Amino acid sequence: LRLVQMKFNKLTSIISSFTPAEYRDFISFIRSDVVTTPVCVKKFIDLVENSPAKVDELILHKEKTFSHCFSDKKYDDKKMRYLFADVTKSAEIFIALKVLVKKEDVWKSMAAEELSKRDCTKAYDSIYGSLKKRDPEIKDSEYFYNNYAFEFNHLVNEVSKKQRDEESNIESVIDNLDKFY
């Protein structure tokens, strides 16, 4: 179920792909400060909160939209294009985060990589252990690709902790990973 049929441009095509629940989540996402969102984008979202069909109308009536989003300033088409680009970018980030949440292996691997950079050993070891224990029913190319990336990041993490005088076999291990995966 899609919300409405809108005129085709990048922003409206993304917003029209949202289900009603996703649209409400998108509005909440913009307001939540999960990512830094410009004030003008939040003002734009205030205008379209109740109806995604208004996006088309606001794009067609740029001067009216501009006066709401940029209060006391004279109309500037360049700023309007930047506004639409910022709203589009926010919608793309929202979609990416929704997909990322569904792919546990990917976000755990990303979290593990960041935890190792921050030297959070216990948290890293916990995620590493949970990823090593998993045994999905379907082991498709995505599984092997994600596993390869995770193991590569683990090797980089381990090598960075080694002393200079210790011998490293990362090259041979990476060659073996390439052959295995």
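Rules of the game
- Residues numbered from 1 in each chain as written.
- Predicted model: local features only at pLDDT ≥ 70, side-chain atom pairs only at ≥ 80, totals over all residues.
- Heavy atoms only, no water.
- Helix = DSSP H or I, 4+ residues; strand = E, 2+ residues; numbered from the N terminus.
- Contact = heavy atoms within 4.5 Å.
- Polar contact = N/O pair within 3.5 Å; in protein donor to acceptor, adjacent residues only side chain to side chain.
- pLDDT = per-residue confidence, 0-100.
- Buried < 20%, exposed > 50% of the residue type's maximum accessible area, 1.4 Å probe, protein only.
- Axes fitted to C-alpha atoms, helices over the stretch in contact; angles between N-to-C directions.
- Parallel < 35°, antiparallel > 145°, perpendicular 65-115°, else oblique.
- Core = buried A, V, L, I, M, F, W, Y, C linked by side-chain atoms within 4.5 Å.
- Phe/Tyr/Trp six-rings, centres within 6.5 Å; stacked < 30°, edge-to-face > 60°.

It is not clear to me how the environment of Glu49 should be interpreted in this structure. Could you clarify?
One can find Glu49 in the loop between helix H3 (39-48) and helix H4 (54-60). With sequence-adjacent residues up to four places away left out, Glu49 is seen in contact with Tyr23, Ile27 and Arg31. A distance of 3.0 Å separates the side chain of Glu49 from the side chain of Arg31, its partner in a polar contact.

Could you clarify how one ought to interpret the confidence of the model for the protein chain in this entry?
Parts of the prediction with low pLDDT should not have their coordinates interpreted in detail. Summing up the model confidence of the protein chain, the mean pLDDT is 82 and the portion of residues at 70 or higher is 87%. Across the protein chain, the element-wise mean pLDDT spans from 68 in helix H10 (residues 170-180) up to 93 in helix H6 (residues 77-102). This stretch, residues 1-6, has a pLDDT under 50; its non-local contacts, to residues over four places away or in other chains, come to 24 contacts.

What am I meant to see in the environment of Glu151 here?
Tracing the backbone shows Glu151 in helix H9 (residues 141-161). Placed 23 residues apart in sequence, Glu151 and Ile174 show a C-alpha to C-alpha distance of 9.2 Å.

What is the right way to read the side chain of Asn146 from this model?
Mapped onto the elements, Asn146 comes out in helix H9. Asn146 sits in the buried class, given a relative accessible area of 15%.

Explanation requested: the packing of helix H5 (residues 62-69) against H6 in the structure shown.
The relative placement of two packed helices comes down to the angle between their axes together with the axis-to-axis distance. Taken N-terminus to C-terminus, the directions of H5 and H6 make an angle of 80 degrees; their axes are 11 Å apart at the nearest point. Compared by their axis directions, H5 and H6 come out roughly perpendicular. Two secondary-structure elements touch here, H5 through Lys62, Thr65, Phe66 and Cys69 and H6 through Asp77, Lys79, Met80, Leu83 and Phe84.

Looking at this structure, how should I read the nonpolar core?
Here is a general trend for soluble globular proteins: nonpolar side chains tend to be buried in one another's company. Counting residues in hydrophobic clusters, the biggest one holds 26 residues, and the most contacted among them are Leu11, Phe18, Phe26, Phe44, Ile45 and Leu83. Mapped onto this core, the elements with two or more residues apiece are helix H1 (10-16), helix H2 (20-32), H3, H4, H5 and H6. No other element matches H6, which puts 6 residues into this core. With residues up to four places along the chain from it excluded, the contact list for Phe44 reads Leu11, Val55, Leu58, Thr65, Cys69, Leu83, Phe84 and Val87. One finds Leu115, Tyr124, Leu131 and Phe150 within the second-largest nonpolar core, a separate group that totals 7 residues.

In this structure, what is going on with the side chain of Glu151? I would like to understand it.
Assessed through its relative accessible area of 10%, Glu151 is described here as buried. Polar contacts involving the side chain of Glu151 include one to the side chain of Lys132, which spans 2.7 Å.

Please clarify how the packing of aromatic side chains should be interpreted in this entry.
Any aromatic ring pair is given by two values, namely how distant the centres are and how the planes are angled relative to each other. All told, the structure shown has 10 aromatic pairs when counted by the stated rule. Here Phe44 and Phe84 contribute two aromatic rings whose centre-to-centre distance is 5.8 Å and whose plane-to-plane angle is 75 degrees, an arrangement assigned as edge-to-face. Here Phe44 is found in helix H3, whereas its partner Phe84 is found in helix H6, with 40 residues between them in sequence. The burial state of Phe44 is the same as that of Phe84; both residues are buried. Ring pairing ties together the aromatic residues Phe18, Phe26, Phe29 and Phe94, which thus form one cluster.

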